[in-house]
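Now for the letters of each chain:
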Amino acid sequence: MEKDIGLKVLLVLHILLLSRCSSEQLHSSQAKTLFRIQNLLNYPNALSNWNNDTDFCNTEPSSSVTVICYEESITQLHIIGGKRASQLPKNFSIDSFVTTLVKLPSLKVLRLVSLGLFGPLPSKLSKLSSLEILDLNSNFFHSDIPREISSLTSLQTLILDGNKFTGKLPNGLGSLVVLAVLSVKNNSLEGHLPNTLGILRNLRVLSLSRNNFTGDVPNLSSLENLQVLDLEDNSLGPKFPQVSSKIESIFLRNNKFTAGIPEKVQSYNQLEHMDISSNRFMGPFPPYLLSLPSITYLNVAGNKLTGMLFEDNQCNAGLDFVDLSTNLLSGTLPRCLMTGSKRRIICFSNNCLATGDRTQHPFSFCRNEALAVGILPKQKSSSKVVLALIICGSIIGGVVLVCATIIVVRKFLAKIAAPGKKTRSIVENAASTYTSKLFTHAKFVTRAMKLGSLSLPSYRTFSSEELKVATNNFDAATFIGNNSDDQMYRGQLKDGSYIAIRCLKTRRSNSSQNFMHHIEMMSKLRHHHLVSTLGHCFECYLGDSSVSRIFLVFEYVPNGTLRSWTFDKHAKRRLTWTQRIAAATGVARGIQFLHTGIVPGIFANNLKITDILLDQDLVAKICSYNLPILDENVKENFQNLSSGSKELKSARANNEEKMDVYDFGVILLEIISGRQINTKNEMRVIQNQLQESIMANAVSRKNMVDPAIKNSCSDESLKTMMELCCRCLSQDTEDRPSVEDVIWNLQFAAQVEDSWRRDSSSSDASPISHLYNLQPSLSRNSNSSQI
């Protein structure tokens, strides 16, 4: 009997040993692949710390190397070289290198930047079928981009900037249906752009600058998510690209566009940056470009644009840069260009404007140039010239009259529409499943609302069976947190996407109607800097229709809270100064949306730094709103918000806005100082120290900053952030800045920091990682939790 027991014990130990060996063998296989990569790259400095004792899955990420694992499989590999990167040997084989890479089949993110890789990109890279982000910028790859890359159907970001690729852009890219970022800047690609670009409906960034592309740009008007179109330094043209009215940035500088600017540009209400300089655009310059609601940068220099400008032309107050130089413009420079922000830069030389300076040509020069390029018809007789002048005079007179009429009408309409300025009806894109009661109170949606809906699935009702499958029947392993009112679970839908599920228990006295105002409001709270709701599910008691539980389904945000990335002593990685500014800007934009996204706005949100989550790309998202779903009086409170006199509502909104600005100031104080603030007294002490350092000198200011980043930020940027923080924490609400003012100062701090960094040293990373922050979320397996 004892012998049998002993044999059984030995058998169990043997099985456990075999299981352990199998696990170690898997890990060893992954490690061997990494050591092989180290060898093929000629042991670069970035990988100098790799040795037989390295625990790759638990090594702290750095700016040059990051390895992320899930269940002993490598899912992310980032290797960033530098100016002193080891030179690859002449017998380096890119084919052998990629053959080694494909032994990591679970890779979702692969970034190999500035490593000196050369040769044709092997088609066998397509064997990494799980790739979501592929970044090979700043290497020496040449020949064609392999058409097999179009088989990577999970690819969301493709960056091949700064190589020597030739040939045409593969037509098969149209099969990458989830592609959001396509950047092949600074190569030698040529030929016409494939029409299949027009079917990439998830595309946000299309960056093809500094190549040799020719011909017209394909029709991109169906790409409603497209925000950035960068086509600079090619030979594209002659027609202006057709894009969606939701476009935010258009870069067409130095191409061969010759047609006029289409009238549709007038509807680009989200356009912030437009550079069409150094082309041959002809026809009238549309003055409405100066007054587009979001425009901040406008460059039309070096074209053949004609027409008259008038002193009373309107401008957007946020316009920071305007270049009208080297065109054929006449008339008077608009007064609004000269009376705006002190930081505004205006260039207008080499036109025929009545400015009285020597940089302008006489009116006859512009007229003759227009005749020479065929903008105005040439005449063969003096009588025809006279007739043409009469016609031109009539046209100009008519234009003046029409412009005057438009200005009067606009001013009249502006007075009528002043309370609802910059808003649009929410009914426009409303789903039929929402009740009409929502529209009684939430009548308007702003531009920010439309921006926030990008790349999110439609709001819908989930079934309880669907949520049980997603969470393995709400298994304990999927539990990620709770408080007194609810529990949070992490789930995975059938399409592979991750979700966070908030479960709230109710009382029998509650009915679904009690919650509809709240849920209908939340269904519209969609923005890049909010943890957005994807849907809901009601679970009812047996025998009646009363609700027993409510499940709210949110997008899953895996990277924890902003606090854990700012001053957690055990964190493997801390945010840089630039990332902290970006996170603060994201929080401010989220607050702005809560205030103005729908009417009535959502104020007094009592935000704390633990209410800010960071996604895979370190984009800040607010996860707490002032919408108490279980409040018995939620309907009455909701109606009270939209009632009362105009003066009362305005005063209430202003006061509550400044409450959120104060809370933002506390968050900003923690971001700057790197100190955890738990009480009001602690906050006041740090605030006073901050105030004193502002008045002192650069050394004092640096001593107030989180030591992790004190030596990597410019003093001007730091001072701007400190001053903004102190203004937000003012005791007098009238002294606190508006949310718009907060965002402006944060953007200024970011611009100053970026300029300082460019002056001090050049970055080896791809510009796309700093520009617009548009890399899409990963459906990465991880153990991170949403708080």
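Higher on the page you've got the structure.
So, here is what we can say about the structure in this document. (Residues numbered from 1 in each chain as written. Predicted model: local features only at pLDDT ≥ 70, side-chain atom pairs only at ≥ 80, totals over all residues. Heavy atoms only, no water.)

### Considerations on the overall build of the chain
Counting secondary structure elements, the chain contains 17 helices and 33 strands. Here the chain holds 787 residues, and 48% of them are scored as buried. Sequence separation of 24 or more characterises 58% of the internal contacts of the chain that already satisfy a separation of 6 or more. On the chain, roughly 37500 Å² of surface is accessible, and the fraction owed to carbon and sulfur atoms is 53%. (Helix = DSSP H or I, 4+ residues; strand = E, 2+ residues; numbered from the N terminus. Buried < 20%, exposed > 50% of the residue type's maximum accessible area, 1.4 Å probe, protein only. Contact = heavy atoms within 4.5 Å. Areas by Shrake-Rupley, 256 points an atom, 1.4 Å probe, with all protein chains shown as cover.)

### Considerations on the packing of aromatic side chains
According to the stated counting rule, one finds 13 aromatic pairs in the structure shown. Ring geometry for Phe141 against Phe165: centres 6.1 Å apart, planes inclined by 10°, an arrangement best described as stacked. One end of the pair, Phe141, is in strand E6 (residues 140-143); the other, Phe165, is in strand E8 (residues 164-165), and 24 residues separate them in sequence. Owing to a relative accessible area of 1%, Phe141 belongs among the buried residues under this scheme. We classify Phe165 as buried; its relative accessible area is 0%. Taken together, a centroid distance of 5.7 Å and an interplanar angle of 5° make the contact between Phe257 and Phe281 stacked. With Phe257 in the loop between strand E15 (249-251) and strand E16 (273-275) and Phe281 in the loop between E16 and strand E17 (282-284), the pair connects residues that are 24 residues apart, well separated along the chain. You'll find Phe257 and Phe281 in the same group, each marked buried. Linked through ring pairs, Phe474, Phe479, Tyr489 and Phe551 together constitute an aromatic cluster. Directly above the ring of Phe462 sits Arg460, whose terminal nitrogen or CZ lies 3.8 Å from the centroid. (Phe/Tyr/Trp six-rings, centres within 6.5 Å; stacked < 30°, edge-to-face > 60°. Lys NZ or Arg CZ within 6 Å of the ring centre and 35° of its normal.)

### Here's the deal with the pattern of salt bridges
For the structure on display, the rule yields 19 salt bridges. For Glu466, the salt bridge goes to Arg460, with nearest N and O atoms at 2.7 Å. Its salt-bridge partner being Asp706, residue Arg580 comes within 2.8 Å of it at the nearest N-O pair. With Arg580 in helix H11 (residues 577-596) and Asp706 in the loop between helix H15 (698-704) and helix H16 (715-728), this pair connects stretches of sequence that are 126 residues apart. Judged by relative accessible area, Asp706 falls into the buried class, the value being 3%. Sharing partners across several salt bridges, the network here consists of Glu232, Asp233 and Arg253. (Salt bridge = Lys/Arg side-chain N within 4 Å of Asp/Glu carboxyl O.)

### Section: H11
Compared with an ideal rise of 1.5 Å per residue, which puts 20 residues at 28 Å, H11 spans 29 Å between its outermost C-alpha atoms and is within 8% of the ideal. Taken across its 20 residues, H11 has 14 buried, putting it largely inside the fold. (Expected span 1.5 Å × (residues − 1).)

### Looking at the sheet that holds strand E4 (residues 118-120)
Taken together, the three strands give an open sheet; going across it, the order is E4-E6-E8, and neighbouring strands pair in parallel fashion. In the strand order of this sheet, the two ends are held by E4 and E8, each with one partner. Pairing geometry for E6 and E8, over two bridges, is parallel. By the bridge assignment for E8, His142 is matched with Lys164. (Pairing = 2+ DSSP bridges.)

### Some thoughts on the packing of H16 against helix H17 (residues 739-760)
Interaxial distance between H16 and H17 falls to 8 Å at its minimum, and their mutual angle equals 165°. Viewed along their axes, H16 and H17 adopt a mutual orientation that is roughly antiparallel. Crossing handedness for the pair H16 and H17: left-handed. Where H16 abuts H17, its residues Glu716, Ser717, Thr720, Met721, Leu724, Arg727 and Cys728 lie against Asp741, Val742, Asn745, Leu746, Phe748, Ala749, Val752 and Glu753. For the contact of H16 with H17, the residue count by class is eight nonpolar, three polar and four charged. (Axes fitted to C-alpha atoms, helices over the stretch in contact; angles between N-to-C directions. Parallel < 35°, antiparallel > 145°, perpendicular 65-115°, else oblique. Left-handed = near helix turned anticlockwise from the far one by under 90°. Nonpolar A, V, L, I, M, F, W, Y, C, P; charged D, E, K, R; others polar.)

### Observations concerning the state of the cysteines
Considering all chains together, one arrives at three disulfides under this definition. The partner cysteine of Cys57 in its disulfide is Cys69, sulfur to sulfur 2.1 Å. Of note, the bridge from Cys57 to Cys69 carries an S-S torsion of about -85° and is left-handed in sense. Linking Cys57 in the loop between helix H1 (2-40) and strand E1 (65-70) with Cys69 in strand E1, this pair joins segments that are 12 residues apart in sequence. Relative accessible area serves as the criterion here: at 25%, Cys57 is assigned to the partly exposed category. Here Cys352 is linked by a disulfide to Cys366, with a sulfur-sulfur distance of 1.9 Å. Disulfide Cys352 to Cys366: torsion about the S-S bond roughly 100°, handedness right-handed. Separated by 14 residues along the polypeptide, Cys352 in strand E23 (residues 352-353) and Cys366 in helix H4 (residues 363-372) bring together distant segments of the chain. Considered together, Cys352 and Cys366 belong to a single accessibility category, that of buried residues. Indicated for the chain is the disulfide connectivity 1-2, 3-4, 5-6, based on numbering the bonded cysteines in sequence order. With no disulfide partner, Cys503 has as its closest neighbouring cysteine sulfur the one in Cys537, 9.7 Å distant. (Disulfide = S-S within 2.5 Å.)

### Concerning the nonpolar core
Proteins that are soluble and globular tend to have nonpolar side chains buried together. Membership of the largest hydrophobic core comes to 94 residues, with the highest contact counts inside it found for Leu77, Phe97 and Leu110. Non-local contacts of Phe97, meaning those with residues more than four positions away in its chain, are made with Ile37, Leu40, Leu41, Phe92, Leu112 and Leu117. (Core = buried A, V, L, I, M, F, W, Y, C linked by side-chain atoms within 4.5 Å.)

### Points about helix H2 (residues 94-101)
Restricting attention to buried positions, one finds in H2 the residues Ile94, Phe97, Val98, Thr100 and Leu101. Taken end-on, H2 shows its buried residues confined to a sector of 155°, consistent with a single buried face. (Arc of directions from axis to C-beta.)

### A short note on the packing of H11 against H17
Helix-helix packing is characterised by the crossing angle of the two axes and by the distance between the axes. One way to put it is that H11 packs onto H17 with a least axis distance of 9 Å and a crossing angle of 160°. The orientation of H11 with respect to H17, classified from their angle, is roughly antiparallel. Remark: the crossing between H11 and H17 carries left-handed chirality. Between H11 and H17, the contacting residues are Trp577, Thr578, Ile581, Ala584, Thr585, Ala588, Arg589, Ile591, Gln592 and His595 on the first element and Val739, Glu740, Val742, Ile743, Leu746, Gln747, Ala749, Ala750, Glu753 and Arg757 on the second. Of the residues in the contact of H11 with H17, the class split is 11 nonpolar, five polar and four charged.

Read these as geometric descriptors, not functional statements.
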